[in-house]
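Okay, here's what each chain looks like letter by letter:
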Protein chains: 2
Amino acid sequence: MKPDRVTLVEVGPRDGLQNEAAPVGAAEKIELVRRLQDAGCREIEVTSFVSPKWVPQMADAAQVMAGIERRAGVRYSVLTPNLKGLEAALATRPDEVVVFGAASEAFSRRNINCSIAESLERFAPVVEAAHAAGLKVRGAVSCALGCPYQGEVRPDEVERVVVGMKAIGVDHVGIADTIGVGTPLAAQRALERALKHYPLAEVSGHFHDTYGQALANILACLDLGVHVFDTSIAGLGGCPYAKGATGNVATEDVVYLLHGLGIATGLDLDRLVDAGAYISGVVGRPTASRAARALLARRAAAASS
Amino acid sequence: MKPDRVTLVEVGPRDGLQNEAAPVGAAEKIELVRRLQDAGCREIEVTSFVSPKWVPQMADAAQVMAGIERRAGVRYSVLTPNLKGLEAALATRPDEVVVFGAASEAFSRRNINCSIAESLERFAPVVEAAHAAGLKVRGAVSCALGCPYQGEVRPDEVERVVVGMKAIGVDHVGIADTIGVGTPLAAQRALERALKHYPLAEVSGHFHDTYGQALANILACLDLGVHVFDTSIAGLGGCPYAKGATGNVATEDVVYLLHGLGIATGLDLDRLVDAGAYISGVVGRPTASRAARALLARRAAAASS
């Protein structure tokens, strides 16, 4: 039985822009958040409190958080990989913080330079401090359906991290197909492992369209009752592991799917297309959203006829 | 219950190339068919016997049919809109012919300049003559999920054409979302109408990726037991109704999905990627297949490391 309402967590400003090569100014990021809010987004991953040495695109995290216009009913989350990041984040009053683990041992070692177990040990005080500050903590389980270094990732590897995250008090787990290799059955199997330990509302899917499978994967997860998904406006983000390939699933494509299924999102597709066109212009590349391309072509045809 | 085997009808050489702006030579079309056969394609829509005045890209239909290397176990189909086209086609020994109707009255009038009922009357002698020559006839029901002129198309409009096609003896119906606006429930509802009148093996889905929904639609149709789908190598075809938008679903993306689901296709994905890269080079545009882009990027990375 599919849900009749789905929440999309808009990750374009953080996960999306972080992987875009073109530097984007704080004013443009703030404007993007404003436009996303105007389109109805109620969960926005705004920025990341990481070392600017590693992620220069997010060096303006505090400035962006200070500049966005806060609206009632909107939850603003930020990525905080460690206590130092959390402390900097807390000063900017986010509603939620995100920690980022991996289901693949090889990815954990290559990406954050420690084992999965060590990464959970590092996150434990972050979760504790976030809770002490009254914030919710989301845990992203990256490479849950495949890893650029080790290849296949088994469902029990996903479950092991989910259990580890639960043990340190993480409130919500997002199962992420970071390299977009997953297909619907694999997606269901991974999410089912998370659902053994977390309630439906606290498990989300994060899919990439690298192999074109993201919407099919979301459709399969809806059949499990999953009703929270990460999406990225205009498909911002590309794929850092396959140059020229598509990355995060585009918010517009997912909204088109969900509305077609009669599932409410609270989002205004036309305004999302506007927001996507805006940020695509800023980063200087065409939108990766197929629905947005089609809708923009339809608008252009209507305007010229 | 999903099928454990799916047949993909490769429509790139006909439906795909017909909508590509760049003229493609007969030798390149013949080479494309050869490469598709090498990749395991067993159903190929090769060309179209239409007036070269309307479709100059298909003026070499007889030359292409004469030039392809016929292989045992492969079915070669051609589009024949009328008796004149059928007569020309018969001389080239196809295994199957395709007639092309519309579920939308507005589309029928604008595209083939007659009502739906008139189009079926015109097809009746084509079907009869094709059967007399021992050929199977497939009927394509275009605009089954939406129309560029009338907008919405209802399932009973689809059923009406399906019934009309059955009445004139069409052996197989393909339900086509010509403009790619459909989503999974709409796709299921349209296919279900066809399944009221044709057995499972004689109903196929033809989806376009204009709004990014094709794979989700195919996934939903698999749940009905449908196991024949049209696909186009490299997503050849674009979308004639929305400039710059994506058209036919890419064979490579569908094969990636199906193999991920454990569904056999008899196709070799790597060789399909090669065939897609070949024809993309010929038409001078990047592949529209996301899976192909990702696999080509992975190959490039492997070659440079």
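How each quantity is defined
Residues numbered from 1 in each chain as written. Chains lettered and ligands numbered in written order. Predicted model: local features only at pLDDT ≥ 70, side-chain atom pairs only at ≥ 80, totals over all residues. Heavy atoms only, no water. Axes fitted to C-alpha atoms, helices over the stretch in contact; angles between N-to-C directions. Helix = DSSP H or I, 4+ residues; strand = E, 2+ residues; numbered from the N terminus. Parallel < 35°, antiparallel > 145°, perpendicular 65-115°, else oblique. Left-handed = near helix turned anticlockwise from the far one by under 90°. Contact = heavy atoms within 4.5 Å. Buried area = accessible area lost by both parts, 1.4 Å probe. Salt bridge = Lys/Arg side-chain N within 4 Å of Asp/Glu carboxyl O. Polar contact = N/O pair within 3.5 Å; in protein donor to acceptor, adjacent residues only side chain to side chain. Nonpolar A, V, L, I, M, F, W, Y, C, P; charged D, E, K, R; others polar.

> Explain the packing of helix H2 (residues 26–38) of chain B against helix H11 (residues 269–283) of chain B to me, please; I cannot follow it from the model alone.
If you want to describe how two helices pack, look at the angle between their axes and the distance between the axes. All names here are of chain B. Across the interface, H2 lies against H11 with an axial gap of 8 Å and an inter-helix angle of 170 degrees. Judged by the angle between their axes, H2 and H11 are roughly antiparallel. Note that H2 runs across H11; the crossing there is left-handed. Residues Glu28, Glu31, Leu32, Arg35, Leu36 and Asp38 of H2 pack against Arg271, Leu272, Asp274, Ala275, Tyr278, Ile279 and Val282 of H11.

> For this particular structure, what's the right way to read the interface of chain A and chain B?
At the junction of the two partners, chain A supplies 31 residues and chain B supplies 31 residues. At the boundary of chain A with chain B, total buried surface from both sides reaches about 2700 Å², with 57% on carbon and sulfur atoms. For the chain A face of the interface with chain B, the top three residues by lost area are Tyr211, Tyr256 and Arg290 of chain A, together amounting to 29%. If you look at where chain A meets chain B, you find two salt bridges. Across the salt bridge formed by Arg290 of chain B and Asp209 of chain A, the nearest N and O atoms sit 2.6 Å from each other. Along the contact surface separating chain A from chain B lie 11 residue pairs in polar contact (both at pLDDT 80 or more). Residue assignment for the side of chain A that touches chain B shows that the elements contributing at least two residues are helix H8 (184–195), helix H9 (214–222), helix H10 (251–260) and helix H12 (290–304) of chain A. Broken down by element, the residue count for the side of chain A that touches chain B peaks at seven residues, all from H12 of chain A. Across the side of chain A that touches chain B, the residue classes break down as 18 nonpolar, seven polar and six charged.

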